[in-house]
Amino acid sequence: MLEMDRLERQLVNLPLLQDPSSYIPDTMDLTEDAVAREYWLFCFEEALEGVVKRAIASQPDLPQTRERAEKFSQKYRHKLQTLRHQPFAYGSLTVRSLLDTREHCLNEFNFPDPYSKIKQRENDMALKYFQKAVKSLESLSWEQRQFALVKGLLAGNVFDWGAKAISDVLETNAGFGFEEAKRKLQERPWLVDSYNQWLERLKGPPHKCALFFVDNSGIDIILGVFPFVRELLCRGTEVVLASNSGPALNDVTYSELQILTERIAAMDTVIQTGIKEERLILVQSGSSSPCLDLSRLDKTLATVVRERHTDLVIIEGMGRAIHTNYYATLRCESLKLAVIKNSWLAERLGGVLFSVVFKYEEPPKYQEETHQ
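1. A short note on the packing of aromatic side chains
As enumerated under the stated definition, the model contains 14 aromatic pairs in all. Look at Trp 190 and Tyr 195: their rings are 6.4 Å apart centre to centre, the planes differ by 70°, and that puts the pair in the edge-to-face class. For Trp 190, a relative accessible area of 7% puts it in the buried group. Considering the side-chain rings of Trp 198 and Phe 228, the 6.5 Å spacing of their centres and the 20° angle between planes classify their relative orientation as stacked. Residue Trp 198 is found in helix H8 (residues 195-202), and its partner Phe 228 is found in helix H9 (residues 219-235); the two are separated by 30 residues along the sequence. Classification of Trp 198 as buried rests on a relative accessible area of 1%. Through a chain of ring-to-ring contacts, the aromatic side chains of Tyr 39, Trp 40, Phe 44 and Trp 344 assemble into a single cluster. A cation over a ring is seen here: Arg 188 above Trp 190, with NZ or CZ 5.5 Å from the ring centre. The ring of Tyr 326 carries the charged tip of Lys 359 above its face, separated from the ring centre by 3.7 Å.

See the structure below:
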């Protein structure tokens, strides 16, 4: 276990896990799958140059930035090379452990948040379009709006600096925006497509409380997640937004989300009222990883989930919903959604780059009751 994950706060199970004793966060065990292992080790090695570049750019005024970045690169590359020959060298080997080890090495050489400037710039840009996005959603019929909201969530999830297919585009095309991302998405039927079941569910009574594990900063959180949250609030559902306690890639952190929510509330009465009435609350997940381990969550989050009788869990993004939790079973309804921004993984899952996973699941007991 990495020290960076050993936060001061107590970490516990998500109370809604179907069976905590059999829960395994990771979808793929790279110690057992040689083809996958070779691919992901190559992938992380190939991405290293870009990470170093961003680390240097994030600290233009600090001493020995270049030297520290070079030391980070050497250390992480050495770990990757060791894993090629000894997959068990550092315990379990998964995409999550490779991501977390990279974050750990960055922290060790004093690069706690290499994406801070990128996140700030993308947040400022996305905020300018928030009201326009909400206005265009409000002009749609109810059914059209539900689809547009889901499509917005998925398009927002394209903006992930952790995926090379995307970081290359964002590096070279500063104008790549929300509408372009929507056009990149796979047409329906999606690779995993439970949208019709989700739509039917929305015609029923509102959920009491939704717990939403959010992903990236910028367009993702502002133009994807917040309009979706707004709709849930309008339906009468309380919303708990769970974000990382510390930085990882361009994922939004708890402290950043507090500021963003205030800025959005200042221009939107639904969000403002939600906060004022404590129907929209923010919690930290207890994690500083791009992935998600539902057995190691901040104790406060677990308490809120229980107190609010949460009956819907939404997990967004490749790290949290594909690399981890794809097979996780919960005791309530869940939505797992992501855009596959990696060609090899898309092929592995039977799709192509920018394939969509939209997985709505009912708990086993609920399924039995509703289908009798």
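2. Some points on helix H1 (residues 34-57)
Between its first and last C-alpha, H1 extends 35 Å over 24 residues, near the 34 Å set by a 1.5 Å rise per residue. Within H1, the axis deviates most sharply at Leu 48, by approximately 35°.

3. Looking at the pattern of salt bridges
For side chains of opposite charge, pairing can occur when their charged atoms come near one another. This structure, assessed with the given rule, holds 26 salt bridges. Put simply, Asp 113 and Lys 119 hold a salt bridge, and the shortest N to O gap is 3.2 Å. Both residues of the pair, Asp 113 and Lys 119, count as buried. Arg 263 is paired through a salt bridge with Asp 124; the nearest N and O atoms lie 3.1 Å apart. Remark: Asp 124 occurs in helix H4 (residues 116-138) and Arg 263 occurs in helix H10 (residues 254-265); sequence separation between them is 139 residues. Several salt bridges share partner residues, and in doing so they unite Glu 38, Glu 45, Arg 77 and Arg 84 into one network.

Rules and cut-offs
Residues numbered from 1 in each chain as written. Predicted model: local features only at pLDDT ≥ 70, side-chain atom pairs only at ≥ 80, totals over all residues. Heavy atoms only, no water. Phe/Tyr/Trp six-rings, centres within 6.5 Å; stacked < 30°, edge-to-face > 60°. Buried < 20%, exposed > 50% of the residue type's maximum accessible area, 1.4 Å probe, protein only. Helix = DSSP H or I, 4+ residues; strand = E, 2+ residues; numbered from the N terminus. Lys NZ or Arg CZ within 6 Å of the ring centre and 35° of its normal. Expected span 1.5 Å × (residues − 1). Bend = angle between axes of the 7 residues up to and from the residue. Salt bridge = Lys/Arg side-chain N within 4 Å of Asp/Glu carboxyl O.

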